[in-house]
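Below, each chain spelled out in residue letters.
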Amino acid sequence: MRRTDTVILALMLLLLVCNLSFAQLPRPEELKFPPLKFEPPNPANFRVVLANGLRAYLREERALPIVNITAIIHTGGLYVPKEKAGLDLLLSDCLIKGGTKTRTGQVIEERIDFLGGTLNFSVGERTATLSMSVLSKDLDEGLELFFDVLMNPEFREDSLKLAKGRLIEQMRTANDNPSQVLAREFQKVIYGEHPLTFQATKATVENLTQADLKAFHSRYFFPKNIILAAAGDFSRSQLQNKINKYASKWANKSLSFPNISRDFPQPEPGVYFIQKKINQGYVSVGHIGIEDTNPDYFAVQVMNFILGGGSFTSRITSKVRSDEGLAYNTGSRFTYRWGFPGTFAGYVQTKSETVGYAISLILKEFERIRQEPVSDAEMETAINYYLESFADFFQSPIGTMVNFASLELQGKPMNYYATYRDKIKAVTKEKVMEVAKKYIQPDKMVIMIVGDFEPCNKGSDKFPGPLDRLGKIHRWKVMDPLTGQMVE
Amino acid sequence: MLLRKVVAFGLGCILLLALGNLVAAQIKLEVKEHVLANGMKILMIPKPGVPRVVCHIYYKVGSINERPGITGIAHLLEHMMFKGTRMMGVTDFEADEALDRQIDELMEKIYREKFWKKDGDQKKVAEWQKQVDELMKAEKKYIVKDHLWETYMKNGGTGLNASTSDEVTGYYVTLPANKVELQMVLEADRMMNAYFREFYSEKDVVMEERRLSENSPGFLFNEQVRAAFYVGSPYHWQVIGWMDDLRRITKKDLIEFYRKYYVPNNAVAIYVGDFKPEEIIKLAEKYFGQIPKGEDIEPIRTSVPPQYSHKRMYGEGPGVPNLQMWFHIPPEGHPDVPALNILSGILSGETGRLTRVLVQEKDVAIRAMAMARPQWYVGAFTFNVVPKLQKGIKPEDLEKDVWEEIEKIKKDGVTPEELQKAKNRAEASFIRGLESSMFLAMRVGRAELHRGWRSLLTDLEDLKKVTSDDVKRVAARYFVKDNCLVAVYSRGQVR
């Protein structure tokens, strides 16, 4: 009995081993995928012009009983003069909370909350957005509140006072978080004294008045300066009628935007060091970048994907993080802003003694992509990533409508998505090297470090200090927004 | 190993296909379920439209499955799961393995010398380290860097990531609808065959990740608060773990942890997007179905013992000063939890009681929040209030204001409007949560691991039944001093 069992078991095992060798996993490159065709939605199919020239992108999406609606307004911090710095922040906080001619902010927020909706407003650099989400059964009431806030804000004194208090408390911690300090100060070096970098202080915020906010609102908030985006459980024609009820009573204004300088200083290259007693250095290495309307934009995207934008598949991440274990976060990025060049920077946060070494590795990668052609495999990965993930842009119906509205507001070509894949496909290895040479400029590098100077300067075996091996050291001071004083 | 496979194959024909469909008021959540013979669950939520599929896999393992000495290992393992397998990340597995073994042997000697002895032989350590460096250099030629990540990316993978929490570890990718098979192959491969090369440099990466947290204002104090609150229970430490343990964790520890928890009977795969369920099931059977079932896993043993004391902590540092008050509450699924959730809804938010009274009426605080966090095994109800320093208010001054609000609830309960508002908000935010495929996958996948995905709907139903008396009762039961930890954080010497 016992022997038979053993034999059977042995046979079973044998069978199993054979089985397993058949059941082995294929290598990913052996998989054959069925073809997939995807055409992006056409913005023209969603666009309508409502009363008083209010433009809108509307998309019915009836799977869930929800309506999302967003207004994008052409206004922002860029248009706030220096002596009123912080007006945009106060506007963000008070458009809803400050109430309207007929409702207090508390009444509005209370009602939205009771309906289980959300209503949020935020002001960015050149666009502001008011976004609402409500159950479709509450759409009428939601729209009433949405347009009341958009058209008739009152910025009541009590809400202003509370908002100023919040802003001032935030200022207390403005220089605590090393990554926030780095982001803000890097911009200051790159753009210099410019509306893009004006910083609110306690003094500028305290001087702001209800009249300032009303004047700013009245200047920028009118139908022709706004584009709506909506998606959800509604009938397009009915929604248009509902919106027209408000838009038809909303007068347009004439508006000329202030002329803003596009001249930026050429910062002296070198190390800009901000002292902070922490156990890592937070680093940005770069200079001014390009606009996303630049014809080289797609080639730059592909180039940066290979250099440091494609997370683990990129050279900087692979070298600095994966090979050397120097950092959790590292890579390179081009940032973009509407109407102005953005920035280009490599970044890393690493323990103090390896700061110099990590920077040297990043600079080496900058040089390599300028001097050597990228490999075919790198090109294939980068191009395929953009092509194969393209449909992701359209995953969210409201997100898609907002993207279309933003293109139009910023005067960008409405065929951006329709031509996207062809433009990516057209990028070649030669083009990648050309744009690397053109847009990465080693002689202009601003190396900004937030960290503890002594251990950073001392370095480690692989890169003994001092840091001035990387360039002239500038001890950079930051502003205490509470006092307006520069501090180290 | 082989015997375990026999068991799995013996049960090969038992399949379970069920369709769950629960409708609550206007809420409809349809999840198709399929259980493989090895115990692995496959959940599917078809969403026709854009040809993308969110593919997530969740393991029922997190930092609560650790013990002192290996804290942080669940998260370290999550990092190491990207380092390849016998097939991925390597050009010549045998050659690489030979080198990797030698590295491990030397590193074990180094660890013993450094960590087991008081005065280890530094010379020996340096010598071994030199040999390790040489071996690592030699190993590089066999390593295909971040192979799995690259394979996902060049196939259009987005939302590519992984995360570890106290209770769950998740692996995420969103793929074109025609490439779900790729995820099945790669995930089945790393569930069975993960191979932990580049272990020592990845430990450095994780230590850098911990330093990043340490430099985030308030982190170090909050870490202490949590440790003081969750005495006994493994919720005591954070997911990132203690630095001492990160330094000392060995590859053996990692392999042991991996073998125990990365088994199909401890995993859920979930798919949300544009696909046909029968095709997903076919692929799942083919790839995940061949993985042998693992041992059953015991739930964690130690809960938080009753506190029997009133705890207070004081700390100083950079960042926002604040008062925290923590109370122990029961875990998810306990009958008191719905009332506690409703109460946190009533206290919180821009129109909640705390903001109305402390921020708007008394003007003593900048922000005031409450949150019920029941979790899987032990819960916490926390208050967090930021004082208005401009008016000379200190964090500790606000304690009496919070107790005043608590006492009001105990005595008078809440109004019918407040109750209805909290219920409406919970329901609407549930519906809103169904919009994003990624968010939906996360919620449903995680819920499935503990009390089943249907608990999302039954929890919502239970919330709707809560009365003012229920709220009064739970407030009286849990908001007492002997169940409370008060933590006061002030601005001080900026580190």
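Note that the structure is predicted; figures quoted are calculated from it, not measured.

1. With respect to the sheet that holds strand β8 (residues 311–317) of chain B
All names here are of chain B.
Part 1 of the argument: The five strands are arranged β8-β12-β9-β11-β10 in an open sheet whose pairing can be described as mixed. Edge positions in the sheet fall to β8 and β10 (365–373), since each has one partner strand and no second. Put simply, the sheet's adjacent strands are angled 15° from each other on average, direction ignored.
Part 2 of the argument: Across the sheet, helix α8 (residues 219–229) touches β8, β9 (322–329), β11 (379–387) and β12 (484–491), and the angle it forms with β8 is around 170°.

2. Comments concerning the interface of chain A and chain B
Part 1 of the argument: Taken together, the contact pairs 66 residues of chain A with 70 residues of chain B.
Part 2 of the argument: Put simply, the parts of the chain that give the side of chain A that touches chain B at least two residues each are α1 (2–23), α3 (105–114), β5 (127–135), α5 (157–172), α11 (315–323), β10 (343–351) and α13 (376–388) of chain A.
Part 3 of the argument: In terms of residue count, α5 of chain A provides more of the side of chain A that touches chain B than any other element does, six residues in total.
Part 4 of the argument: Here the residues of the side of chain A that touches chain B sort into 29 nonpolar, 21 polar and 16 charged.

3. Considering the sheet that holds strand β9 (residues 330–334) of chain A
All names here are of chain A.
Part 1 of the argument: Taken in spatial order, the six strands make up an open sheet running β9-β10-β8-β11-β7-β14, and their pairing is mixed. Whereas interior strands pair on both sides, the edge strands pair on one side only; in this sheet they are β9 and β14 (473–475). Within this sheet the neighbouring strands show an average axis-to-axis angle of 20°, counted without direction.
Part 2 of the argument: As defined by bridge partners, strand β7 (residues 270–275) adjoins β14 across three bridges and the pair is classed as parallel. By the bridge assignment, Phe273 is partnered in β14 with Arg475.
Part 3 of the argument: The strands that helix α12 (residues 355–371) touches are β8 (280–288), β10 and β11 (446–451); relative to β8, the one it contacts most, it runs at about 25°.

4. A closer look at the packing of α13 of chain A against helix α5 (residues 147–154) of chain B
Geometry of a packed helix pair, given as the angle between the helix axes and the separation of the axes.
Part 1 of the argument: At a closest axis distance of 7 Å, the pairing of α13 of chain A and α5 of chain B adopts a crossing angle of 50°. Accordingly, the angle class assigned to the pair α13 of chain A and α5 of chain B is oblique. Two secondary-structure elements touch here, α13 of chain A through Glu380, Thr381, Asn384 and Tyr385 of chain A and α5 of chain B through Glu150, Met153 and Lys154 of chain B.
Part 2 of the argument: A per-class count over the contact of α13 of chain A with α5 of chain B returns two nonpolar, two polar and three charged.

5. Here's the deal with the nonpolar core
Part 1 of the argument: If you look at the biggest cluster of nonpolar residues, it comprises 132 residues, and the most contacted ones within it are Val283, Met303, Ala358, Ile447 and Ile449 of chain A together with Tyr271 and Val444 of chain B.
Part 2 of the argument: For this core, the element with the most residues is helix α10 (residues 297–309) of chain A, which contributes eight residues.
Part 3 of the argument: When sequence neighbours within four positions are dropped, the list of residues in contact with Ala358 of chain A reads Val283, Val320, Leu326, Ala327, Val348 and Thr350 of chain A.
Part 4 of the argument: Within the second largest apolar cluster, 125 residues are counted, among which are Leu95 and Leu208 of chain A together with Val378 and Cys484 of chain B.

Definitions and cut-offs
- Residues numbered from 1 in each chain as written.
- Chains lettered and ligands numbered in written order.
- Predicted model: local features only at pLDDT ≥ 70, side-chain atom pairs only at ≥ 80, totals over all residues.
- Pairing = 2+ DSSP bridges.
- Helix = DSSP H or I, 4+ residues; strand = E, 2+ residues; numbered from the N terminus.
- Axes fitted to C-alpha atoms, helices over the stretch in contact; angles between N-to-C directions.
- Contact = placed C-beta atoms within 7 Å.
- Nonpolar A, V, L, I, M, F, W, Y, C, P; charged D, E, K, R; others polar.
- Parallel < 35°, antiparallel > 145°, perpendicular 65-115°, else oblique.
- Core = buried A, V, L, I, M, F, W, Y, C linked by C-beta atoms within 7 Å.
- Buried ≥ 20, exposed ≤ 12 C-beta atoms within 10 Å, placed from the backbone.

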